[in-house]
Amino acid sequence: MMQEAPGYGAKGSDTEVGRVVIVGGGTAGWMAAAAFSRFLNNGRRKITVVESDAIGTVGVGEATIPPIITFNSMLDIDENEFLRATRGTFKLGIEFVNWGRIGDRYFHPFGNFGQDIHGIPFHQLWLRERRRSDPGSIAEYCMSAMAAAQGRFGRPARDARPPLSALSYAFHFDAGLYAQFLRKRAEREGVKRQEGTIANVEREGETGDVAAVVLESGERIAGDLFIDCSGFRGLLIEQALGAGFEDWSHWLPCDRAIAMPTANVTSPQPFTRSTAHPAGWQWRIPLQHRTGNGHVYSSHYMDDDDATRILLANLEGQALAEPRPIGFATGRRKLAWSHNVIALGLSSGFLEPLESTSIHLIQNGISRLLALFPGKPISPVERDEFNRGMQATYEDVRDFLILHYKATQRDDTPFWRYVRDMPIPETLERRIELWKLHARVFRNEGELFAVPSWVAVLLGQNIQPLGYDPIADSLDEERVAGAISQLRRDYRQAAANLPSQEQFLRMSGAWADDPSSVSLTAGVPS
Ligand SMILES: Cc1cc2nc3c(=O)[nH]c(=O)nc-3n(C[C@H](O)[C@H](O)[C@H](O)COP(=O)(O)OP(=O)(O)OC[C@H]3O[C@@H](n4cnc5c(N)ncnc54)[C@H](O)[C@@H]3O)c2cc1C
């Protein structure tokens with residue numbers, strides 16, 4: 001018999017969302033719970049997380065991008081405590097190997113290249129200089145890239161001056177431990193956790209809104225607003241409401257991954273590595289206590305056995321678990337917010353982890369929802385605005401990921417020939433054409449990846465522009481050349497003065513005292 005769970009009585013008022021039910025306790029569920037308990041739990045709202053130990057979480061997802069720093073500081077999280085708790089390391093960018101051509105190597109760093117002069121982008125000045133001298137690779141003008149190349153790190157102080165102030169970073173961490181860390185905080189703030197598997201979703205006859213979720217035990221959890229963090233299955237948003245899925249696999253054909261952690265063989269490097277393989281690519285993510293590895297590939301061009309063989313042949317350390325296959329569909333939920341259900345995390349869509357954007361998309365959805373938090377009844381104006389914003393964000397990230405495949409010169413396998421020749425979204429086509437003329441990149445309002453990111457990948461994958469922007473000629477060539485070579489010396493020198501990343505983690509109290517005592521099962525395939 002169904003019974004109302006104790007403590008779930010309506011709070012708020014007739015016009016206020018009083019009961020928020022978060023379905024799922026993976027990274028998305030606990031990030032949402034921690035943020036909502038910090039910003040919405042003013043004693044008038046009841047926030048509940050329902051998670052199923054029997055179903056578990058995806059258990060991978062370890063590399064992030066710099067906005068995660070904003071998310072953590074929104075929650076008043078101490079960075080060193082967070083790094084200790086999640087066995088985290090710093091990430092200064094991604095090294096791409098074999099992407100343009102086999103044997104190529106380039107770095108997509110966080111932060112800027114050089115300094116713009118009179119509003120003229122640095123890369124234009126560097127391109128001009130390249131015509132008359134050898135200014136070296138553009139990565140030599142980026143603080144994060146130079147520190148990464150030497151395995152070094154330093155956290156810029158608030159009052160730091162260039163070039164150290166230009167060091168931009170994110171983290172690698174054990175996503176399972178991050179969820180646990182956030183859970184503790186959320187529970188401290190009054191979030192209630194309900195263990196159990198949801199067997200049924202009840203909807204209101206008149207509006208079609210979700211009224212309650214019902215557990216296998218018969219317990220009924222009613223709510224005003226439901227946050228679907230149930231992972232790929234999209235328990236509420238898709239299975240109950242049928243919001244629809246826009247498939248992008250024709251542009252991003254990878255649909256499977258084999259994940260496998262290994263023991264560290266060196267001190268952890270402060271960057272992610274992405275190595276292209278015959279039908280996909282492999283990630284290497286160094287944490288304090290282990291290295292996360294995975295081979296992402298297209299099942300149309302490669303089977304699981306070959307994918308596993310390639311992964312095993314390209315590991316550096318001793319395996320800590322069996323290889324674990326994960327299937328996924330690439331695309332986005334057509335409506336991330338439908339009725340009174342908002343999808344966050346994998347239930348809202350998935351784009352392969354090539355630029356480590358999934359956790360960011362969770363953060364983006366949470367911030368957007370906080371900015372558009374509804375009353376009762378829900379206004380379609382706020383809902384539509386949320387959906388428009390999420391769609392634009394997903395599409396921006398999608399285009400940036402497709403660029404990595406389209407901008408290849410590889411033709412050694414059917415997979416690379418397919419992605420090199422495939423038609424691409426018109427939005428991306430336009431960007432590449434603009435770049436090819438005068439190396440111009442225009443960023444859409446609110447777009448995640450800034451101009452230097454596009455420059456890094458386009459140049460890194462050998463898409464050379466015909467010329468530079470003629471506006472660069474308004475600056476004196478000799479003086480700019482002097483400034484450029486000074487910058488190069490400054491970045492190199494500043495990086496050489498930094499400690500190694502491990503030294504820095506230890507010095508700042510961010511290294512877990514005894515990493516080997518950490519359970520290796522968190523975030524590790526079981
Ligand atoms: C191969 C791969 C690599 C990735 N790498 C990265 C990366 O480097 N960086 C990055 O940012 N992201 C990465 N991601 C994405 C990242 O893993 C996810 O974005 C993140 O883990 C969020 O997952 P989630 O919380 O949405 O879903 P899940 O982790 O799947 O959690 C779903 C939750 O819903 C609960 N649930 C489901 N059904 C029910 C039910 N019936 N009843 C009760 N509870 C239920 C489960 O118990 C679980 O708690 C990667 C993903 C994949 C697949």
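Everything that follows concerns the structure shown earlier in this document.
Source: prediction; values computed, not measured.

## Overview of the overall build of the protein chain
Secondary structure assignment for the protein chain yields 15 helices and 22 strands. Relative to a compact globule of 526 residues, whose C-alpha radius of gyration would be 24 Å, the protein chain shows 24 Å and is just as compact. Here the C-alpha coordinates of the protein chain stretch approximately 80 × 50 × 50 Å along the principal axes. Of all 526 residues assigned to the protein chain, the portion counted as buried reaches 58%. In the protein chain, the share of contacts with a sequence separation of at least 24, taken over all contacts with a separation of at least 6, comes to 77%. Each charge class in the protein chain can be summarised by its mean position, and for the 56 positive and 64 negative side chains these summaries are 3 Å apart.

## Structural notes on the sheet that holds strand β13 (residues 245-247)
In spatial order, the strands read β13-β19-β22; together these three strands make up an open sheet with antiparallel pairing. Every interior strand has two partners, whereas the edge strands, β13 and β22 (349-350), have only one. Relative to strand β19 (residues 331-333), β13 runs antiparallel, the two being bridged by three bridges. Bridge pairing links D247 to G331 in β19.

## Quick word on the site of the ligand
Taken together, 33 residues are adjacent to the ligand, and G25, V60, A63, I198 and I359 come closest. Here C229 contributes a backbone N or O atom positioned 3.4 Å from an oxygen atom of the ligand. Contact with the protein chains hides 98% of the accessible area of the ligand, taken as 1,000 Å² for the molecule alone. Mapped onto the shell around the ligand, the elements with two or more residues apiece are α1 (27-39) and α9 (358-371). Per-element accounting of the shell around the ligand gives the leading share, three residues, to α9. Class assignment of the residues belonging to the shell around the ligand gives a composition of 15 nonpolar, 15 polar and three charged.

## Considerations on the environment of P423
Looking at the element boundaries, P423 is found in the loop between α11 (414-421) and α12 (426-438). Along the chain, P423 and K406 lie 17 residues apart, while their C-alpha atoms are 8.9 Å from each other.

## Notes on the pattern of salt bridges
Enumeration according to the criterion identifies 35 salt bridges in this entry. D421 is the partner of R420 in a salt bridge, and the nearest nitrogen-oxygen pair spans 3.2 Å. A network of salt bridges, in which partner residues are shared, links E95, R105, R273, R284 and E316.

## Quick notes on the side chain of N72
Looking at where N72 falls in the secondary structure, it is placed in helix α2 (residues 68-74). Here N72 is in contact with I77, F82, F171 and Y178, once residues within four sequence places are set aside.

## Considering the sheet that holds strand β20 (residues 337-338)
Overall, mixed pairing links the six strands, which are arranged β8-β3-β2-β12-β21-β20 in an open sheet. Of all the strands in the sheet, the pair left with one neighbour each is β8 (192-195) and β20. With four bridges joining them, strand β2 (residues 19-23) and strand β12 (residues 225-228) adopt parallel strand pairing. Within β12, the residue paired with V20 across the bridge is L225.

The rules behind each value
Residues numbered from 1 in each chain as written. Predicted model: local features only at pLDDT ≥ 70, side-chain atom pairs only at ≥ 80, totals over all residues. Heavy atoms only, no water. Helix = DSSP H or I, 4+ residues; strand = E, 2+ residues; numbered from the N terminus. Rg over C-alpha atoms; globule rule 2.2 N^0.38 Å. Buried < 20%, exposed > 50% of the residue type's maximum accessible area, 1.4 Å probe, protein only. Contact = heavy atoms within 4.5 Å. Lys, Arg positive; Asp, Glu negative; His and termini not counted. Charge placed at Lys NZ, Arg CZ, Asp CG, Glu CD. Pairing = 2+ DSSP bridges. Near = heavy atom within 4 Å. Polar contact = N/O pair within 3.5 Å; in protein donor to acceptor, adjacent residues only side chain to side chain. Areas by Shrake-Rupley, 256 points an atom, 1.4 Å probe, with all protein chains shown as cover. Nonpolar A, V, L, I, M, F, W, Y, C, P; charged D, E, K, R; others polar. Salt bridge = Lys/Arg side-chain N within 4 Å of Asp/Glu carboxyl O.

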